[in-house]
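# Architecture at a glance
Read off the chains here:
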Amino acid sequence: PATLQQHGSQTLKEYISEDPSFHLGPSNSTPDLPFLLKVLSISKVLSIQSHPDAALAAKLHAQNPAVYKTPCHKPEMAVALTDFRAMLGFLPISTLAANM
């Protein structure tokens, strides 16, 4: 887990849990982040990642919380500090098969 340098070994979740409404906004009463934060240094092509939408994430978590640790979906955003190229979306299976 992420820890805060200025707070010794306190985790980010512990810090947020001191006042979730302040840190995450008034509509949040739990210390769980409503997003997944990743900081990446990209020098090679990254693997494809697929995440369920909010409804499916909640359903999968309810069915198998040992595997699906959170009921939250994982929207993603990339903020590029240098030149960056990304691909979005997928071709239909029929189009992929026709080009194989």
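What you are looking at is a predicted structure, and each value in this text was computed from that prediction instead of being measured.

The rules behind each value
- Residues numbered from 1 in each chain as written.
- Predicted model: local features only at pLDDT ≥ 70, side-chain atom pairs only at ≥ 80, totals over all residues.
- Heavy atoms only, no water.
- Helix = DSSP H or I, 4+ residues; strand = E, 2+ residues; numbered from the N terminus.
- Rg over C-alpha atoms; globule rule 2.2 N^0.38 Å.
- Buried < 20%, exposed > 50% of the residue type's maximum accessible area, 1.4 Å probe, protein only.
- pLDDT = per-residue confidence, 0-100.
- 1 Å grid on protein atoms, 1.4 Å probe; cavity = no way out; pocket = protein on both sides within 12 Å on 5 of 7 lines; lining within 4 Å.
- Points joined across faces, edges and corners; volume = space filled by probe spheres on them.
- Nonpolar A, V, L, I, M, F, W, Y, C, P; charged D, E, K, R; others polar.

Attention now goes to the overall build of the chain. Regarding its fold elements, the chain presents four helices and zero strands. Mapped in sequence order, the helices and strands of the chain form the string α-α-α-α. Expected size for 100 residues packed as a compact globule is a radius of gyration near 13 Å; at 18 Å, the chain overshoots this value by more than 25%. Looking at the chain as a whole, 10% of its 100 residues qualify as buried.

With that out of the way, let us pick up the confidence of the model for the chain. Per-residue confidence for the chain gives a mean pLDDT of 81, with 96% of residues at or over 70. Model confidence for the chain, summarised as mean pLDDT per element, is weakest for helix H4 (residues 93-98) at 84 and strongest for helix H3 (residues 54-63) at 93.

Over the atoms, a rolling probe the size of a water molecule traces out where space has been left empty. By volume, the largest pocket amounts to about 1800 Å³. Lining the largest pocket are 37 residues, with Ile42, Leu46, Glu76, Ala78 and Phe84 sitting closest to its centre. Of the residues that constitute the lining of the largest pocket, the class distribution is 22 nonpolar, nine polar and six charged.

Mapped onto the fold, Thr11 is located in the segment before helix H1 (12-17). A relative accessible area of 18% places Thr11 in the buried class.

Time to look at the environment of Leu37. Topologically, Leu37 is positioned in the loop between helix H2 (20-24) and H3. On the basis of relative accessibility, which here comes to 59%, the residue Leu37 falls in the exposed class. The spacing of Leu37 and Met77 is 40 residues in sequence and 9.4 Å in space, taken between C-alpha atoms.

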